[in-house]
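Structural features, examined
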Amino acid sequence: MCGDDSPITIYYYYDFTDTDLFCALLEKRFRETGHTRHLRFIEWNCYKEEPGRDGDLFIYDAVVISALAEKGYLHQLPDVINTDGMLPWTIDRSKVKKKTYGIPLMICANALICRRKDDLNICNIMDLH
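Residues numbered from 1 in each chain as written. Predicted model: local features only at pLDDT ≥ 70, side-chain atom pairs only at ≥ 80, totals over all residues. Heavy atoms only, no water.

**Side note on a nonpolar patch on the surface**
Where nonpolar side chains cluster on the molecular surface, the patch consists of Tyr14, Tyr47 and Val63 and spans about 300 Å² of accessible area. Locating Tyr47 in the fold gives a position in the loop between strand 2 (39-44) and strand 3 (57-59). The exposure class assigned to Tyr47 is partly exposed, which follows from its relative accessible area of 41%. (Patch = residues over 30% accessible without salt bridge, like charges linked within 9 Å, V, L, I, M, F, W, Y side chains within 5 Å. Areas by Shrake-Rupley, 256 points an atom, 1.4 Å probe, with all protein chains shown as cover. Salt bridge = Lys/Arg side-chain N within 4 Å of Asp/Glu carboxyl O. Helix = DSSP H or I, 4+ residues; strand = E, 2+ residues; numbered from the N terminus. Buried < 20%, exposed > 50% of the residue type's maximum accessible area, 1.4 Å probe, protein only.)

Structure representation (structure tokens):
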């Protein structure tokens, strides 16, 4: 909408690496392209809570994409967003019921790997030292 001066609300994953830098760079790029609306960044733990219904953009761990789409937080990406240059396996992870709801921001995974002899029969990862 032209002349809209409402903020653009961005919910971002609380455990995102260097969020301050990411938010600053996103805002810088936004301004460089001529946009003037205020960007409102809200830290959000996508594992423990739902975002507010006021969100325009969401940065989250892809494991929650189907729940966000099914609950109506996400809308299907419009055709004007070209995903042709993306790695097919990454864009496939952004689909729910064959509809694309997002684009990958980064490709990573947190993992804990240990030798079998070192696990000491621990049943809860929080018990590791």
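There is more to say, and it comes next.
**As for unusual backbone geometry**
Among all residues save glycine, negative phi is the norm, and among peptide bonds the norm is trans. Even without being glycine, Lys97 reaches a positive phi, approximately 50°. Assignment of secondary structure puts Lys97 in the loop between strand 4 (95-96) and strand 5 (99-100). Non-glycine residue Lys98 carries a positive phi angle of around 65°. When you line up the elements, Lys98 lands in the loop between strand 4 and strand 5. Residue classification places Lys98 among the exposed residues on the basis of a relative accessible area of 81%.

**A closer look at the pattern of salt bridges**
A pair can form between side chains of opposite charge whenever their charged atoms are brought close. According to the stated counting rule, one finds four salt bridges in the structure shown. Note that Glu27 and Arg31 form a salt bridge whose closest N and O atoms lie 2.7 Å from each other. Of this pair, Glu27 and Arg31 both sit in helix 1 (residues 19-32), four residues apart, which is roughly one turn of the helix. Arg31 gets classed as partly exposed once you look at its relative accessible area, which sits at 32%. Between Lys71 and Glu50 there is a salt bridge whose closest N-O contact spans 2.6 Å. A residue pair is termed long-range when its members are at least 10 positions apart, and Lys71 in the loop between helix 2 (65-70) and helix 3 (88-92) and Glu50 in the loop between strand 2 and strand 3 qualify at 21 residues. What makes Lys71 partly exposed here is its relative accessible area of 45%. On the basis of relative accessibility, which here comes to 44%, the residue Glu50 falls in the partly exposed class.

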